[in-house]
Amino acid sequence: MVQYVLRRLGTSVVVILGVSLITFLLLHGMSGSPGRAILGVQASAEAVAAFDREHGYDRSLVIQYFDYLGGLLHGDLGHSYKLNQSVNALLAENAGRTAMLSAVALILAICAAVPLGVFQAVKRNSIGDNVLTALTFVAYSMPVFLLAMLLIQVFAMGLGVLPAQAAQSSSDFVIFTEPRAMLLPVLTLSGITVAMYSRYQRSAALDQLAQDYIRVARAKGLSMRMVLTRHLLRNACIPLVTLIGMSIPLLLTGNLVVESVFNYPGLGLLFFNSLNNQDYPVLLGYTLVAATLTVLGNLVADVLVAATDPRTRRA
Amino acid sequence: MKPDAHPTADDGPVLTIEGLSTGIRLRKADVAAVSGVDLHLRRGETLGLVGESGCGKSMTGLSVMGLLPPGGGITAGSIKLAGRELVGLPDKHYQRIRGNEIAMIFQDPMTSLNPTKTIGEQVAEPVRLHRGASPKQARDRALDMLALVGIARPAERLGQYPHELSGGLRQRVMIAMALSCEPKVLIADEPTTALDVTVQAQVLRLLHDLKDRLGMAMLLITHDMGVIAQWADRVSVMYAGGIVESARTGELFTGMRHPYAQALLACTPRLTQRRDRTLFSIPGSPPDLAHPPAGCRFAARCAHATDRCRSEAPPLTEDRPGHTLACWNPVDGPLGPVAAEAQTAPETPAEPAEPVLAIDDLAKEYATGRSLLRGAKRSVKAVSGVSFSVEPGRTFGLVGESGCGKSTLARMIVALEKPSSGGVTALGGELGELRGRGLRRHRRNLQMMFQDPFDALDPRMRIGAILREPFAAQGIGTAAEQLAAVRDLLDEVGLPHTVLERYPHEFSGGQRQRIALARALALNPRVIVADEPVSALDVSIRSQVLNLMRRLQAKHGLTYVVISHDLTVVRYLADTVGVMYLGKLVEIGSPDDIYLRAAHPYTAGLIAAIPEPDPDAEPPGDRDGMDTEMPSPFDPPSGCRFRTRCPRAQARCAEEEPVLRDFDPGHSAACHFPLREPQPAAAQVG
């Protein structure tokens, strides 16, 4: 197992290096010089050239990339000239709040999707199943921002029971200290994942329900509820574990939209603002962190599957 | 055997089923799966319920368990367990009976155990549930049960997961689980159908012994007349949802009265089947139970049917004491020697012809990559050093248990798989040297028929498209010519031209296998490799397909390689038989050499394990000593691979690998201590 994880980590490093190269080239190749982006359109050509020279942006891309890589090896993600702060500090400052928002939304989504999916599978083709299927499809096909807007329209503008903006506290635990203000962002973020997870959970549970061991468990004298909790649940969750590991990019993009719509100070909002400001070092740093999380998420999912499914332990 | 295992005179039946009717509501129609079934079971007794797939025998079992599939429900009748009515019992009360007073074991042990729970947890679960045992008590009980069902090192097994056990062991675990609360009634639904024949004998013997020891009543549901003959005390024959005949086993087999029972027995393949006769088969297929016919449901396929049979359903009446029957025109006893016309045997060439297919020292190894934990490279030797040749117009039969490498061999013969070493020469061309277009052209002459007619046809293609595809792939003929050829093919396999526009799911298994055969025949091949061509089919349909294969062989001079785990099928079709064990050919010879004069102990054991459809025959499993299962092909035993299961094995077998030695002309076996004396070495040089 240890060997397997080490090998996977090795390939992960290669993947992340590739991501860093591609985003680096894209960001540097797409627009004019970084100096122009930072100093603005009004700055003189001399000032831009002087800025580029001073910060090494006049060197060849290859040298710049290796320079960047060298920084990475020392744990330095670069410097944001716009915000005049190191990227590390910026990311660290916002990461906690985003992680908390994502984790709460994810846990909520799993807690809702697993029972929903199993319920739909057991009551297959019933009215309840069909209604839930319709609802999940609507939620699944809806863009995140639209869901956010709709929730704001109904609960903030219409009913006026919840604030339209997220809590602005800098505390990482704002979700727990000001739950009312965080309800809409969390609901939006779980809304999109719950739809996908419950579809997967439903089909996984259907697959398992058709297995002979379910009938055997009934024949032993277990009630349907016991069969579901003791036998079906664990087997039906195996595909979901993989899915959760793979849905980190979905969560990150979800964060991006949710944080900007609700003005929640986190990584997503930081990225959104940096995008508007053409703040390349921040964009680059965020992309790299996101890629690392995605790769690690997949790895963790595979390890978790091995823990849930004894058949994959010895191949 | 305990003295109380036998029913005493005042013992009433443990289980009484009267007038049971079960329906299944599907989206389009209501299916009358079971109609008016009467059964009763006494303590210590085995009642065999026999019939073909879809006849309602499993539904009867599930009705007793109260575990009908969604949409299923009992529409009439009563089920009494020791006098207590079960029909209509609320689920809460039923749960206390299931697994406690009535237990059930199912067909497929590979899927019947929860893959993520340990054996110990699963076996202990009923005891925890029904007896309120503590985890410790339940564990001890599980340990006792595993020992009772003959599992070696039970303590070690408790912590293992199902995927670590072989099929036979898993079925033993299933039995241990079912019997852990000592139920009054055990329903065994095809308990050995998914197992190899040698393992089948062990499991059935175990069930029989446990039934006696625990004083249970057993309902043995099976399609196999051989299993019934050997293990059932009484038999009920089911057809299309109803019981057509019930009697004591001996009486039924010698004095059956219902034409269906008679036909079912006549279809059952036997080792004594004469090869020059066509097999007995029942024409047509069972009725659609969504729209059951008026009158006797067997009338449409019955040779004795009259107008009365077609209009009025015969009631189940007592014909003689203990022998009930539902028929207007009963027959008397089994069919004599089959009256079917003799078939023209393919003419034997005067002198041995050039072989159309020659397999030379063929081997296939699969690298399985590094194991996750140990990091060592492993490989499976699926086939090692197999050689044989087949002459034109002849049939080579290959038998062996699952996992012996016979399917891998088949795939190499038709060039779907590349050998690791050795070669296949077909029609004078070495397959390994052919590439691209040359190989494609060669493929015309090598066709394959697969086991599962449900998987072998693309579900989204119409039959017409499926049958035309070979022509299109080889670029033969215009569309009109292809269509004409396809119509001829349908005539050959006895299907109407109207099937062209239909999809595979609209056909029964037998019809699909006919379509698969038509597709294999499309390009006029010289060789057809048939991998388990009839093992997914019911006996009555099986003989139709086997007869068809024989007829087409004679007509087109086809060469067959027939692969089967079923020794009776190979016995009927083959001119030469090869026996495979763990990737090696251990014996080869004519059918008579193999079936009457076997030299290898494995061959003899395989043959002895087949249950004969004759209640007077000695039950299998006593004579062969093969009470274990095939070892893993990952690390086969040293020397002779069969030695771990061989009753004759000695020290030499572990050290030295036996080579094939001649016993008769064309008959050789690889064994150090054969059952017969080989020909002297001098004679073998020539």
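Residues numbered from 1 in each chain as written. Chains lettered and ligands numbered in written order. Predicted model: local features only at pLDDT ≥ 70, side-chain atom pairs only at ≥ 80, totals over all residues. Heavy atoms only, no water.

**Concerning a nonpolar patch on the surface**
All names here are of chain A.
Thinking step 1. Side chains of Leu21, Ile22, Leu25, Leu26 and Leu61 sit close together on the surface and give an oily, nonpolar patch of about 420 Å² of accessible area.
Thinking step 2. The element that contributes the greatest number of residues to the nonpolar patch is helix α1 (residues 2–30), accounting for 4 residues.
Thinking step 3. Inspection of the secondary structure puts Leu21 in helix α1.
Thinking step 4. Given a relative accessible area of 34%, Leu21 falls into the partly exposed group. (Patch = residues over 30% accessible without salt bridge, like charges linked within 9 Å, V, L, I, M, F, W, Y side chains within 5 Å. Areas by Shrake-Rupley, 256 points an atom, 1.4 Å probe, with all protein chains shown as cover. Salt bridge = Lys/Arg side-chain N within 4 Å of Asp/Glu carboxyl O. Helix = DSSP H or I, 4+ residues; strand = E, 2+ residues; numbered from the N terminus. Buried < 20%, exposed > 50% of the residue type's maximum accessible area, 1.4 Å probe, protein only.)

**Section: the interface of chain A and chain B**
Thinking step 1. Counting residues at the interface gives 30 residues for chain A and 33 residues for chain B.
Thinking step 2. Across the chain A to chain B interface the summed buried area is about 2,700 Å²; carbon plus sulfur atoms make up 56%.
Thinking step 3. In terms of surface lost to chain B, no three residues of chain A exceed A:Arg215, A:Ala219 and A:Lys220, which account for 21% of the buried area on that side.
Thinking step 4. Here chain A is connected to chain B by 3 salt bridges. (Contact = heavy atoms within 4.5 Å. Buried area = accessible area lost by both parts, 1.4 Å probe.)

**Re the packing of aromatic side chains**
Thinking step 1. Overall, the coordinates contain 12 aromatic pairs over all chains when judged by the stated rule.
Thinking step 2. Look at A:Tyr65 and A:Phe66: their rings are 5.9 Å apart centre to centre, the planes differ by 65°, and that puts the pair in the edge-to-face class.
Thinking step 3. Taking 5.1 Å as the distance between ring centres and 65° as the angle between the ring planes, the aromatic pair formed by B:Tyr260 and B:Phe298 counts as edge-to-face. Of the two residues, B:Tyr260 is situated in helix α10 (residues 259–267) and B:Phe298 in the loop between α10 and α11 (307–311); the sequence distance between them amounts to 38 residues. (Phe/Tyr/Trp six-rings, centres within 6.5 Å; stacked < 30°, edge-to-face > 60°.)

**Regarding the sheet that holds strand β6 (residues 102–105) of chain B**
Residue and element names in this part refer to chain B.
Thinking step 1. Strand order in the open sheet made by the 8 strands is β6-β7-β8-β3-β9-β10-β12-β11, with mixed pairing throughout. The open sheet is flanked by β6 and β11 (317–320), the only strands paired with a single partner. If you compare each strand with its neighbour and ignore which way they point, the axes differ by 25° on average.
Thinking step 2. Two elements, β6 and strand β7 (residues 185–189), share 4 bridges in a ladder whose sense is parallel. The residue of β7 that forms the bridge with Met104 is Ile187.
Thinking step 3. Contacts from helix α7 (residues 197–214) reach β3 (46–50), β6, β7 and β8 (217–222), with the element oriented near 160° to β8.
Thinking step 4. The strands touched by α10 are β3, β9 (234–239) and β10 (242–248); relative to β9, the strand with the most contacts, the crossing angle is about 100°. (Pairing = 2+ DSSP bridges. Axes fitted to C-alpha atoms, helices over the stretch in contact; angles between N-to-C directions.)

**Observations concerning the sheet that holds strand β22 (residues 584–589) of chain B**
Within a beta sheet, neighbouring strands are joined by backbone hydrogen bonds and run either parallel or antiparallel to one another.
Residues and elements named next belong to chain B.
Thinking step 1. Strand order in this open sheet of 8 strands is β18-β19-β20-β15-β21-β22-β24-β23, and the pairing throughout is mixed. At either margin of the open sheet sits one strand with a lone partner, and together these are β18 (446–449) and β23 (660–664). Taking the axes of each pair of neighbouring strands and ignoring which way they run, one obtains an average angle of 20° across the sheet.
Thinking step 2. Taken together, the 2 bridges between β22 and strand β24 (residues 667–670) define a ladder with antiparallel strand orientation. Bridge pairing in β24 links Ile588 to Ser668.
Thinking step 3. Here helix α12 (residues 406–413) sits on the sheet in contact with β15 (395–399), β18, β19 (527–531), β20 (559–564) and β21 (576–581), set at roughly 155° to β20.
Thinking step 4. Here helix α20 (residues 601–608) sits on the sheet and contacts β21 and β22; the angle it forms with β21, its principal contact strand, is near 100°.

**Here we look at the UniProt feature "domain: ABC transmembrane type-1" (unreviewed entry) in chain A**
Thinking step 1. Per the UniProt entry, the sites bearing "domain: ABC transmembrane type-1" (unreviewed entry) are residues 95–305 of chain A in this numbering.
Thinking step 2. Secondary structure across residues 95–305 of chain A divides into 83% helix and 0% strand, with the first and last C-alpha atoms of the span separated by 27 Å. (UniProt positions renumbered as here; feature names shortened; annotations may be inferred.)

**Some words on the domain arrangement of chain B**
Thinking step 1. One can read the domain layout of chain B as domain 1 (13–101 + 183–325), domain 2 (112–182) and domain 3 (357–366 + 378–669).
Thinking step 2. Placing the centre of domain 2 of chain B and that of domain 3 of chain B at their C-alpha centroids yields a distance of 37 Å. (Domains from an automatic or database assignment.)

**Here's the deal with the side chain of A:Ser223**
Thinking step 1. On the secondary structure map, A:Ser223 appears in the loop between α10 (212–219) and α11 (224–246).
Thinking step 2. Note on A:Ser223: relative accessible area 14%, which makes it buried.
Thinking step 3. Setting aside chain neighbours within four positions, we find A:Ser223 in contact with A:Arg218 and B:Gln95.

**A few points about the nonpolar core**
All names here are of chain B.
Thinking step 1. Formed by 75 residues in total, the largest nonpolar core has its most connected members in Ile102, Ile175, Val185 and Ile187.
Thinking step 2. With 8 residues, helix α6 (residues 167–179) is the single largest residue contributor to this core.
Thinking step 3. Two domains each donate at least three residues to this core, and these are domain 1 (13–101 + 183–325) and domain 2 (112–182).
Thinking step 4. Those residues in contact with Val185 that lie beyond four places of it in its chain are Val14, Leu15, Leu41, Leu81, Glu101, Ile102, Ala103 and Ala217. (Core = buried A, V, L, I, M, F, W, Y, C linked by side-chain atoms within 4.5 Å.)

**Considering the UniProt feature "transmembrane region" (unreviewed entry) in chain A**
All names here are of chain A.
Thinking step 1. Those places that UniProt annotates as "transmembrane region" (unreviewed entry) correspond, in this numbering, to residues 12–30, 99–119, 131–162, 182–200, 232–252 and 283–307.
Thinking step 2. The span residues 99–119 shows a helical share of 100% and a strand share of 0%, and its end C-alpha atoms are spaced 30 Å apart.
Thinking step 3. For residues 131–162, the helix share is 81%, the strand share is 0%, and the end-to-end C-alpha distance is 27 Å.

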